[in-house]
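A closer look at the structure
Given next are the chains, with one letter for each unit.
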Amino acid sequence: MWWRIQALLIKEFLSLLKDKKSRFVLIVPPLVQLFVLSYAATYDLNQLPIAIYNEDRGNAARDLIARFNGAPAFREVLRIERQAQIAEALDSKQVLMVLHIGPQFSRDLLSGRQPAAVQILLDGRDSNTAQIALGYARSVVSQFNSDWVRQHNQSGPPAELRVRAWFNPNLESRWFIVPGIVGLLTLVVTMTVAALSVAREREQGTFDQLLVTPFTPTEILIGKAIPGLIIGIAEASFSIFMVVFWFQVPLLGSLAALYIGIVLYVFSVIGAGLMISSLSVTQQQGLLGGFLLIVPGVILSGYATPIENMPELVQHLTLINPLRYFLIIIRGVFLEGLGVDDLVDQYWPLALIGLFCLSCAGLLFRKRMY
């Protein structure tokens, strides 16, 4: 029995190593993913964009602002002059955090009668990033308090943080993570279905029979794409139903805006899957090719770590990732209450990616036919 198993193992390894495409998939993608993902996947936050709204002209306020500007975690990109600018800065994602120092800050500190209030307003759409930024802010204020107590011989914390989260008041990570899982599940299911569609027929020997039929490459492409489109939309719809009614994540925005994004997202993923499938001779190659796109697609989407925290070269690489745009769409609809007009700049890149990938798949079909 063991001899038979040994012979089977040798046969499997030989079939893998003799095939050039299999050797390439086994060696090159893991190396690429190792380098790309090691730089992209990090929970360390540096140079977070913040705005400062200072209504106090005292030395204490200037000292606290200098400490925030001197901290490696923060980078001031906007100086706010009036209250209305706060909502605009957070809504547009121009800043992640707003530091608001009231007009009585220095006087309250010097009087020592009560803690001087310092307000922190956070963008709560990414609750994990907001929590980390809040931890950095608490550290800066804590060091400010320690130095102030030592210099002025006061007891108790001189400054007190008052925190308010934008869009996600309680900073519940479930509100941020669960909608993103819809994109991940839809990616895996749709990519697998599309990547195996042509490869399966080639492995079974029926694809060549299909090519000699009166069907044109365009008709074959449409016939392969529609089932994946239906399955992907059905998967996303079921996941959204569970997100709203089981996980109790509020859907604040337009359902039409969400489904336009779903259709375009599934369309782009199907295009990538069919392009992989048209290059694959066996189902194994199709699965490995799909895996090659799924893993970097998840890491480089901003699902777990902010894209803004990645190296600039990797940030440019994310522009061809459909999941990046869909996460913005679904989180924008769920958390921000966005509509169709607000998401047009996320729709057209998905449409372009889908058209490009399907065009490449169609050319490969035509090449195979002729």
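Calculation rules
- Residues numbered from 1 in each chain as written.
- Predicted model: local features only at pLDDT ≥ 70, side-chain atom pairs only at ≥ 80, totals over all residues.
- Heavy atoms only, no water.
- Core = buried A, V, L, I, M, F, W, Y, C linked by side-chain atoms within 4.5 Å.
- Buried < 20%, exposed > 50% of the residue type's maximum accessible area, 1.4 Å probe, protein only.
- Helix = DSSP H or I, 4+ residues; strand = E, 2+ residues; numbered from the N terminus.
- Contact = heavy atoms within 4.5 Å.
- UniProt positions renumbered as here; feature names shortened; annotations may be inferred.
- Pairing = 2+ DSSP bridges.
- Right-handed = clockwise from strand over helix to strand, strands pointing away.
- Phe/Tyr/Trp six-rings, centres within 6.5 Å; stacked < 30°, edge-to-face > 60°.
- Lys NZ or Arg CZ within 6 Å of the ring centre and 35° of its normal.
- Polar contact = N/O pair within 3.5 Å; in protein donor to acceptor, adjacent residues only side chain to side chain.
- Salt bridge = Lys/Arg side-chain N within 4 Å of Asp/Glu carboxyl O.
- Axes fitted to C-alpha atoms, helices over the stretch in contact; angles between N-to-C directions.
- Parallel < 35°, antiparallel > 145°, perpendicular 65-115°, else oblique.
- Left-handed = near helix turned anticlockwise from the far one by under 90°.
- Nonpolar A, V, L, I, M, F, W, Y, C, P; charged D, E, K, R; others polar.

With that out of the way, let us pick up the nonpolar core. Residues Leu187 and Leu274 are the most contacted members of the largest nonpolar core, which totals 45 residues. Elements supplying a minimum of two residues to this core: helix H7 (173-204), helix H9 (217-245), helix H10 (255-279), helix H11 (283-299), helix H13 (322-336) and helix H14 (344-369). Ranked by residue count, the leading element in this core is H10, at eleven residues. Once residues within four sequence positions are removed from consideration, Leu274 is found in contact with Ala194, Ser197, Leu221, Lys224, Ala225, Leu358 and Ala361. Counting residues in hydrophobic clusters, the runner-up holds 33 residues, among them Ile50, Ala73, Leu96 and Val141.

This brings us to the UniProt feature "transmembrane region" (unreviewed entry) in the chain. The sites that UniProt annotates as "transmembrane region" (unreviewed entry) are residues 175-199, 220-247, 253-274, 286-304 and 347-365. The span residues 175-199 carries 100% helix and 0% strand; its end-to-end C-alpha distance comes to 38 Å. Along residues 253-274, the helical share is 91% and the strand share 0%, with 32 Å between the first and last C-alpha atoms.

Glancing now at the pairing of strand E2 (residues 74-79). As paired strands, strand E1 (residues 48-54) and E2 are joined by five bridges and run parallel to one another. The partner of Pro49 across the bridge, within E2, is Arg75. Running through helix H3 (residues 59-70), the crossover from E1 to the neighbouring parallel element E2 is right-handed.

Before going further, it helps to spend a moment on the packing of aromatic side chains. Under the counting rule described, the total for this entry stands at six aromatic pairs. Through a chain of ring-to-ring contacts, three or more aromatic side chains come together here, namely Phe68, Phe74 and Tyr136. A cation sits over an aromatic face here: Arg324 above Tyr325, 5.7 Å from the ring centre.

Glancing now at the side chain of Asn321. Relative to the helices and strands, Asn321 resides in the loop between helix H12 (312-317) and H13. A distance of 3.4 Å separates a polar atom in the side chain of Asn321 from the backbone oxygen of Leu300. Those residues in contact with Asn321, other than ones at most four positions away along the chain, are Pro296, Gly297, Leu300, Ser301 and Ile353.

All told, the structure shown has four salt bridges when counted by the stated rule. Residues joined by salt bridges that share partners form a network here, namely Asp63, Arg67, Asp147 and Arg150.

This next bit is on the pairing of E1. Most of E1 is tucked away, with six of its seven residues classed as buried. One ladder, built from five bridges, connects E1 with strand E3 (residues 97-101); its direction is parallel. Counted as the bridge partner of Tyr53 is His100 from E3.

With that out of the way, let us pick up the packing of H7 against H11. The N-to-C vectors of H7 and H11 enclose an angle of 160°; their axes lie 8 Å apart at closest approach. Overall, the two elements H7 and H11 adopt an arrangement that is roughly antiparallel. Crossing of H7 against H11: the hand is right-handed. On the side of H7, the interface is formed by Leu184, Leu187, Val188, Met191, Thr192, Ala195, Leu196, Ala199, Arg200 and Glu203, while H11 contributes Gln283, Gly286, Leu287, Gly290, Leu293, Ile294 and Val298. When grouped by side-chain class, the residues that make up the contact of H7 with H11 number eleven nonpolar, four polar and two charged.

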